Amino acid sequence: MIVVGGSSCQDLASKVAEKLGTKAARLEIRRFPDGEKYLRVLEDVKGDEVVVIQSIHHTPDELLFEYLLIVDALKDLGAKKVYSFIPYFAYARQDERFNAGEALSFRTVGKLIKSVGTEELFTIDMHQHRVLKSSEVFGIPTRDLSAMPLLADYVQATGELDHPLVIGPDADAERWAKLAADQLKADYDVFEKKRLSSEIVTVKPRKLDAKGRDVLIVDDIISTGGTIVEATKVLFAQGARKVIVACTHPILAGNALEKIRQAGAAQIIGTDTIPGPISFVSVAPLIAQTVREMPNRVPL
Ligand code: R5P
């Protein structure tokens with residue numbers, strides 16, 4: 001098994017390779033003077049199984065194209081099977097035509113991924129709010145993993161929360177709240193969220209009262225931070241003692257971090273699906289474990 005990291009996941013790929021007792025294969029990636037991307041695989045992959053890791057964030061078009069170049073080159077160079085891990089999967093939101101004439105980006109990306117050939121596609125806490133079975137759209141086996149247990153373990157190890165209440169800031173976050181709560185043996189609830197614009201949301205509580213409680217808010221993504229800021233404010237208005245925030249994909253657009261800190265969150269924690277200032281938790285153990293458990297895997 002060979003591990004290859006695209007340019008968005010070099011550190012993550014090295015960590016995964018280390019956990020699997022191997023080394024990440026080297027790629028040469030540069031640009032031609034006209035801006036085109038040049039890619040060269042610097043290892044012999046003939047007959048090997050390869051794990052490719054590439055998040056598509058911040059410059060999704062560029063990183064998606066690079067991913068396609070990597071997989072196509074590996075297959076063309078004789079790799080036996082390619083397993084793809086796209087920890088942060090951009091374009092998952094546009095899985096529906098919300099307004100007439102819109103491109104179904106999610107489906108288009110799926111077609112491209114299928115066209116270069118991947119044995120199985122793994123994502124992590126993908127923003128699947130309408131299409132729940134990506135494999136049916138993409139036409140290849142697709143599995144969504146979750147970083148929530150890792151995030152919950154990290155939070156528990158800090159010892160910062162006493163008998164926490166886990167909150168998902170909207171109904172779609174229930175699956176993540178449940179996973180984190182199960183790991184922490186805690187209770188959980190979700191808020192009702194209304195999105196008024198890409199930056200403005202309102203949230204209101206359902207049943208659980210946060211008065212005097214330590215709260216862990218979990219979500220898949222922190223983008224502008226609007227969702228978490230509102231949820232944090234509501235929790236403090238209810239009398240919460242402490243709020244810690246955890247997400248899988250810290251996009252952190254603009255001054256998201258500052259806004260969440262100002263709202264009073266004691267800690268903001270993310271993973272390295274998108275490396276950045278709050279990527280305290282690595283998803284490397286999750287990817288390595290998934291690779292180890294692949295059926296009929298060729299031994300390292
Ligand atoms: C929405 O459905 C997602 O799960 C996140 O809550 C959302 O992407 C967060 O965005 P923002 O940080 O901009 O509120």
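Thresholds, definitions, all that
- Residues numbered from 1 in each chain as written.
- Predicted model: local features only at pLDDT ≥ 70, side-chain atom pairs only at ≥ 80, totals over all residues.
- Heavy atoms only, no water.
- Phe/Tyr/Trp six-rings, centres within 6.5 Å; stacked < 30°, edge-to-face > 60°.
- Buried < 20%, exposed > 50% of the residue type's maximum accessible area, 1.4 Å probe, protein only.
- Helix = DSSP H or I, 4+ residues; strand = E, 2+ residues; numbered from the N terminus.
- Lys NZ or Arg CZ within 6 Å of the ring centre and 35° of its normal.
- Pairing = 2+ DSSP bridges.
- Contact = heavy atoms within 4.5 Å.
- Axes fitted to C-alpha atoms, helices over the stretch in contact; angles between N-to-C directions.
- Parallel < 35°, antiparallel > 145°, perpendicular 65-115°, else oblique.
- Nonpolar A, V, L, I, M, F, W, Y, C, P; charged D, E, K, R; others polar.
- Arc of directions from axis to C-beta.
- Polar contact = N/O pair within 3.5 Å; in protein donor to acceptor, adjacent residues only side chain to side chain.
- Salt bridge = Lys/Arg side-chain N within 4 Å of Asp/Glu carboxyl O.
- Core = buried A, V, L, I, M, F, W, Y, C linked by side-chain atoms within 4.5 Å.

Turning to the packing of aromatic side chains, a few remarks are in order. Counted under the stated rule, the structure contains 6 aromatic pairs. Plain terms: the ring middles of F32 and Y38 are 5.6 Å apart, the flat faces sit at 90° to each other, and that makes the pair edge-to-face. The class for F32 is partly exposed, based on a relative accessible area of 34%. Ring plane angle 25° and centroid distance 5.7 Å describe the contact between F89 and F138, whose orientation is recorded as stacked. Placement of F89 in the loop between strand 6 (81-86) and helix 3 (105-116) and of F138 in helix 4 (residues 134-138) is noted, with a sequence separation of 49 residues between them. F138 carries the same exposure label as F89, and that label is buried. Ring pairs connect the aromatic residues F89, F106 and F138, which therefore count as one cluster. The cationic tip of R30 hangs over the ring face of Y38; the distance from NZ or CZ to the ring centre is 4.1 Å. Positioned over the ring face of W176 is R175, at 4.4 Å from the centre of the ring.

So, about the sheet that holds strand 7 (residues 120-124). Spatial strand order, 2-1-5-6-7-8: 6 strands in an open sheet with parallel pairing. Both outer strands of the open sheet, strand 2 (24-25) and strand 8 (142-145), are each paired with one neighbouring strand and no more. Pairing of strand 6 with strand 7 involves 4 bridges; the strand directions are parallel. By the bridge assignment, I86 is partnered in strand 7 with T123. Docked against the sheet, helix 1 (residues 10-19) engages strand 1 (2-5), strand 2 and strand 5 (49-53), running at close to 165° with respect to strand 1.

Before going further, it helps to spend a moment on the packing of helix 2 (residues 60-76) against helix 3. Helix 3 packs onto helix 2 with a crossing angle of 20° between their chain directions and a minimal axis gap of 8 Å. Classed by the angle they form, the pair helix 2 and helix 3 counts as roughly parallel. Judged by residue contacts, L64, Y67, L68, V71, D72 and K75 of helix 2 engage V109, L112, I113 and V116 from helix 3. When the residues that make up the contact of helix 2 with helix 3 are grouped by side-chain class, the tally is 8 nonpolar, no polar and 2 charged.

The next subject is helix 5 (residues 148-158). Inspection of helix 5 places M148, L151, A152 and V155 among the buried residues, and these make up the whole buried set. Down the axis, helix 5 shows its buried residues gathered within 100° of arc, on one side only. Where helix 5 is buried, its residues meet helix 6 (174-184), strand 13 (214-222), strand 14 (242-250), strand 15 (267-271) and strand 16 (279-281). Of the residues trailing helix 5, G159 is marked for its positive phi of about 70°.

As for its placement among the helices and strands, D214 is situated in strand 13. For D214, a relative accessible area of 2% gives the class buried. One polar contact links the side chain of D214 to the main-chain amide nitrogen of D162, over a distance of 2.7 Å. Each residue touching D214, except ones within four places of it in the same chain, is listed here: E160, L161, D162, H163, P164, L165, R241 and K242.

Next up on the list: the pattern of salt bridges. Within the structure shown, the criterion is met by 16 salt bridges. Of the charged contacts, one joins D170 and K193 as a salt bridge, the two residues approaching to 3.0 Å between their closest N and O atoms. On the criterion of sequence distance, the pair formed by D170 in the loop between strand 9 (165-168) and helix 6 and K193 in strand 11 (residues 192-195) is long-range, its members being 23 residues apart. Overall, D170 belongs to the buried group, its relative accessible area being 9%. Assessed through its relative accessible area of 27%, K193 is described here as partly exposed.

This paragraph deals with the nonpolar core. Core analysis: the largest hydrophobic core is formed by 35 residues, its most contacted members being V4, V50, V52, Y67, L74, F89 and I113. Where this core is concerned, the elements lending two or more residues are strand 1, strand 4 (37-41), strand 5, helix 2, strand 6 and helix 3. A per-element tally of this core places helix 2 first, with 7 residues. Leave out the neighbours within four places in its chain, and V52 touches V4, Y67, I70, V71, L74, V82, Y83, S84 and F85.

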